[in-house]
Amino acid sequence: MEKNLFNLKKYLSEKCQLVDCALDAYLPPATQYPEVIFEAMRYSVLNGGKRLRPILVLAACDAVGGCADVAMPTACSLEFIHAFSLIHDDLPAMDNDDLRRGKPTNHKVFGDAIAILAGDALFAFAFQTITGETRGVPAEVVVEVTRRIAAAAGTGGMVVGQVVDMISEGQAADAKIMEFMHAHKTGALIDIAVISGGLLGGGSDAQIDALSTYGKKIGLAFQIADDILDIEGDVDKLGKPIGSDVGKGKSTYPSLYGLAKSKELARRAVDDAVNALDMFDERADPLRAIAQFIVDRES
Ligand code: GRG
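Overview of the structure. Just so it is clear, the structure is predicted and the values come from calculations on it, not from any experiment. (Residues numbered from 1 in each chain as written. Predicted model: local features only at pLDDT ≥ 70, side-chain atom pairs only at ≥ 80, totals over all residues. Heavy atoms only, no water.)

1. Details of the overall build of the protein chain
What the protein chain contains, in helices and strands, is 15 helices and two strands. Its C-alpha atoms give the protein chain a radius of gyration of 18 Å, within 12% of the compact-globule value 19 Å for 299 residues. When its C-alpha atoms are laid out on the principal axes, the protein chain stretches across 50 × 45 × 35 Å. Residues classed as buried in the protein chain amount to 51% of the 299 residues present. Expressed as a percentage of contacts within the protein chain between residues at least 6 apart in sequence, the contacts between residues at least 24 apart total 72%. On the protein chain, roughly 13600 Å² of surface is accessible, and the fraction owed to carbon and sulfur atoms is 57%. Side-chain charges in the protein chain split into 30 positive and 42 negative, and the spacing between the mean points of these groups amounts to 2 Å. (Helix = DSSP H or I, 4+ residues; strand = E, 2+ residues; numbered from the N terminus. Rg over C-alpha atoms; globule rule 2.2 N^0.38 Å. Buried < 20%, exposed > 50% of the residue type's maximum accessible area, 1.4 Å probe, protein only. Contact = heavy atoms within 4.5 Å. Areas by Shrake-Rupley, 256 points an atom, 1.4 Å probe, with all protein chains shown as cover. Lys, Arg positive; Asp, Glu negative; His and termini not counted. Charge placed at Lys NZ, Arg CZ, Asp CG, Glu CD.)

Structure below.
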């Protein structure tokens, strides 16, 4: 176990560096006119973060025997969409947060209007990057990946989850609604990360199904861990205040099931995720280790 964790640390740090370089290279330079929008886009994307979604794309591509290079534009696109969602989520009209990754949120630095536009630009730039930069993959696969990512970000995922989050605030906890909300708001982008990597790597239907089960289970584990970190986390490591869910009257796994049961549910989700990868050889070891990392992380 120790050895696995050590290897994962190295794996994550190497992949993170690759992803960071690619994000920087794809994004328009901050010197381009009108500078402020490119500065705002770069501020939120190149501002740290675990790069979980891009790394999942690359790891899933590797797991099905693909060449991870073909998946890098899609990996970065998911980080652009993730950054977009964080910028908009932090706005006064949504969560009204001042800190993200330990630094002032985008609207605190650039103002609300530029923050909205930086989010919009990143969302569009994500699809420009997938369709414009992907090489060595049949066009119909790129179209299918693009279609699925658009659904996971919008009407089949994040936007819908965010709406349910907003309209449920301050209401009594309901397990079904909370699960729907998380599966869409957070889970959909994590799920589509592994599916995209599998599709771009040329995975079989059975492999894509298995990756999708894995993606849904780690998405669930991720959310439970997030709720637990909001109670037990370290403010400095999280880069944002704790207790914000309770403060905003949000239903969480701990508020519904208690801490001990929530930890048990997270552990079970990790086991289910790892079991879903039974058909894969050692090339899926990074995915197996990432499942565990998702509940062990401190930020
Ligand atoms: C993006 C289409 C679209 C619409 C916007 C605002 C919004 C609708 C959705 C909000 C989605 C959202 C903010 C989900 C929370 C996801 C989450 C738990 C973020 C933290 O993810 P980590 O831990 O963060 O991967 P780092 O900082 O490591 O990248």
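2. What about the packing of helix α3 (residues 52-63) against helix α10 (residues 205-232)?
Look at α3 against α10: their axes get within 13 Å of each other, and the N-to-C directions meet at 155°. The orientation of α3 with respect to α10, classified from their angle, is roughly antiparallel. Our pair here, α3 against α10, has a crossing hand that is right-handed. Across from Leu 52, Arg 53, Leu 56 and Ala 60 in α3, the residues of α10 making contact are Leu 211, Tyr 214, Ile 218 and Phe 222. Taken together, the residues that form the contact of α3 with α10 break down as seven nonpolar, no polar and one charged. (Axes fitted to C-alpha atoms, helices over the stretch in contact; angles between N-to-C directions. Parallel < 35°, antiparallel > 145°, perpendicular 65-115°, else oblique. Left-handed = near helix turned anticlockwise from the far one by under 90°. Nonpolar A, V, L, I, M, F, W, Y, C, P; charged D, E, K, R; others polar.)

3. Observations concerning helix α14 (residues 259-275)
For α14, spanning 17 residues, the distance from its first C-alpha to its last is 24 Å, which sits close to the expected 24 Å at 1.5 Å a residue. Where α14 is concerned, the buried positions are Ser 262, Leu 265, Ala 266, Ala 269, Val 270 and Ala 273. The buried residues of α14 occupy an angular sector of 140° when projected down its axis, which confines them to one face. On its buried side, α14 packs onto α10, α13 (253-257) and α15 (285-296). (Expected span 1.5 Å × (residues − 1). Arc of directions from axis to C-beta.)

4. Notes on the site of the ligand
Taken together, 20 residues lie around the ligand, and Lys 50, Arg 53, His 82, Arg 101 and Ala 153 are the ones closest in. Separating an oxygen atom of the ligand from a side-chain N or O atom of Lys 50 is a distance of 2.5 Å. The side chain of His 82 places a nitrogen or oxygen atom 2.8 Å from an oxygen atom of the ligand. Here the ligand has 740 Å² of accessible area as a free molecule, and 91% of this is covered by the chains. Counting residues per element, the ones that place at least two in the shell around the ligand are α4 (72-90), α8 (158-168) and α10. Top element by residues in the shell around the ligand is α4. It accounts for six residues. (Near = heavy atom within 4 Å. Polar contact = N/O pair within 3.5 Å; in protein donor to acceptor, adjacent residues only side chain to side chain.)

5. A word on the side chain of Arg 51
As for its placement among the helices and strands, Arg 51 is situated in the loop between α2 (35-45) and α3. Residue classification places Arg 51 among the buried positions, given a relative accessible area of 2%. Here Gly 48 takes part through its backbone oxygen, which lies 3.0 Å from a polar atom of the side chain of Arg 51.

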